[in-house]
Amino acid sequence: MRFFKGLTMKIDRDLFIDQGYLVLRNVIPKKTVLFLLGLMILVGLACGDSTEKVNDYLSKAKLHLDNGEYQKAIEDLTAVIRLNTQDELAALAYSNRATVYTMLNQDQKAIEDLTEAIRIDPKFAKAYYNRAYIYNELGEYQKSIEDYTEVIAKSSPLDPIIGLVYASRGLAYGELGQKDKADSDRQRACELDSKFCE
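So, here's what we can say about the structure. (Residues numbered from 1 in each chain as written. Predicted model: local features only at pLDDT ≥ 70, side-chain atom pairs only at ≥ 80, totals over all residues. Heavy atoms only, no water.)

**A word on the packing of aromatic side chains**
Turning to step 1, where the next piece is worked out: Evaluated as defined, the whole model comprises one aromatic pair.
Turning to step 2, where the next piece is worked out: When the ring of Tyr-129 is compared with that of Tyr-148, the centres are 5.9 Å apart and the planes differ by 55°; the resulting orientation is tilted. You can see Tyr-129 sitting in helix 6 (residues 125-137) and its partner Tyr-148 sitting in helix 7 (residues 141-154), a full 19 residues away along the chain. Per residue, the accessibility class of Tyr-129 equals that of Tyr-148, and both read buried.
Turning to step 3, where the next piece is worked out: Cation over ring: Arg-188 sits above Tyr-166, and NZ or CZ is 5.8 Å from the ring centre. (Phe/Tyr/Trp six-rings, centres within 6.5 Å; stacked < 30°, edge-to-face > 60°. Helix = DSSP H or I, 4+ residues; strand = E, 2+ residues; numbered from the N terminus. Buried < 20%, exposed > 50% of the residue type's maximum accessible area, 1.4 Å probe, protein only. Lys NZ or Arg CZ within 6 Å of the ring centre and 35° of its normal.)

**Digging into helix 4 (residues 88-103)**
Turning to step 1, where the next piece is worked out: Counted at 1.5 Å a residue, the expected span for helix 4 with its 16 residues is 22 Å, and the 23 Å between its end C-alpha atoms agrees.
Turning to step 2, where the next piece is worked out: Helix 4 sits mainly inside the fold: 15 of its 16 residues count as buried.
Turning to step 3, where the next piece is worked out: Between a side-chain oxygen at the N-terminus of helix 4 and the backbone nitrogen of Leu-89 the separation is 3.1 Å; the capping residue is Asp-87.
Turning to step 4, where the next piece is worked out: Among the residues trailing helix 4, Asn-105 stands out with phi positive, at a value near 60°. (Expected span 1.5 Å × (residues − 1). Polar contact = N/O pair within 3.5 Å; in protein donor to acceptor, adjacent residues only side chain to side chain.)

**Digging into the pattern of salt bridges**
Turning to step 1, where the next piece is worked out: Inspection of the entire model under this criterion finds 11 salt bridges.
Turning to step 2, where the next piece is worked out: With its nearest N and O atoms 3.2 Å apart, the salt bridge here joins Glu-140 to Lys-143.
Turning to step 3, where the next piece is worked out: For Lys-143, a relative accessible area of 40% corresponds to the partly exposed category. (Salt bridge = Lys/Arg side-chain N within 4 Å of Asp/Glu carboxyl O.)

**Overview of helix 3 (residues 70-83)**
An α-helix turns once every 3.6 residues. As a result, residues three or four positions apart point the same way.
Turning to step 1, where the next piece is worked out: Between its first and last C-alpha atoms helix 3 spans 20 Å; for 14 residues at 1.5 Å apiece the expected length is 20 Å, and the two agree.
Turning to step 2, where the next piece is worked out: Those residues of helix 3 that fall on the buried side of the exposure criterion are Ala-73, Ile-74, Asp-76, Leu-77, Thr-78, Ala-79, Val-80 and Ile-81.

**Examining the nonpolar core**
Turning to step 1, where the next piece is worked out: Ranked by size, the top nonpolar core spans 45 residues in total, and within it Tyr-129 and Val-165 carry the most contacts.
Turning to step 2, where the next piece is worked out: Listing elements by their share of this core, those giving two or more residues are helix 2 (51-66), helix 3, helix 4, helix 5 (107-120), helix 6, helix 7 and helix 8 (162-175).
Turning to step 3, where the next piece is worked out: It is helix 4 that provides the largest number of residues to this core, a total of 10 residues. (Core = buried A, V, L, I, M, F, W, Y, C linked by side-chain atoms within 4.5 Å.)

Laid out in structure tokens, this is it:
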């Protein structure tokens, strides 16, 4: 992924979750790796009869992710999805399972899970962001632009990730040769967060 004026960031699939966003391990400290799964455990407390099972699966998924046992984490998140097929917890579980698929270089499965998370919760900006990230990595720049645009529309302008979203969309525009749009997004990213200034 190219940033500005020759500055590059190596994409090596060393990804993790930070507040629901796919991020590179070298950008944000590891202590935030499982933030969203922890949040899911709290949300799981309100799931009714299946609360104990949901919390058990979420706790195990968190442990498996922390230990690098990705297939086991996928199995536990799949169990959460089966118990909560159409609510926000299911959308979060799909999104987290997509992140694990991304770690395993299974991009198509990740896209499918993120698409399902968005179907369940169309306002789920983080799912759009994560799908845009994957599309960008696959060179599907127009699709990534569409999803980044959804993130901007669905997020607060005060969300700390918005600068990154504009920078990422600007890169995608640049890859498509749309210099004016790329420059505009880079400028907006710089206005929001000085680390994106040239």
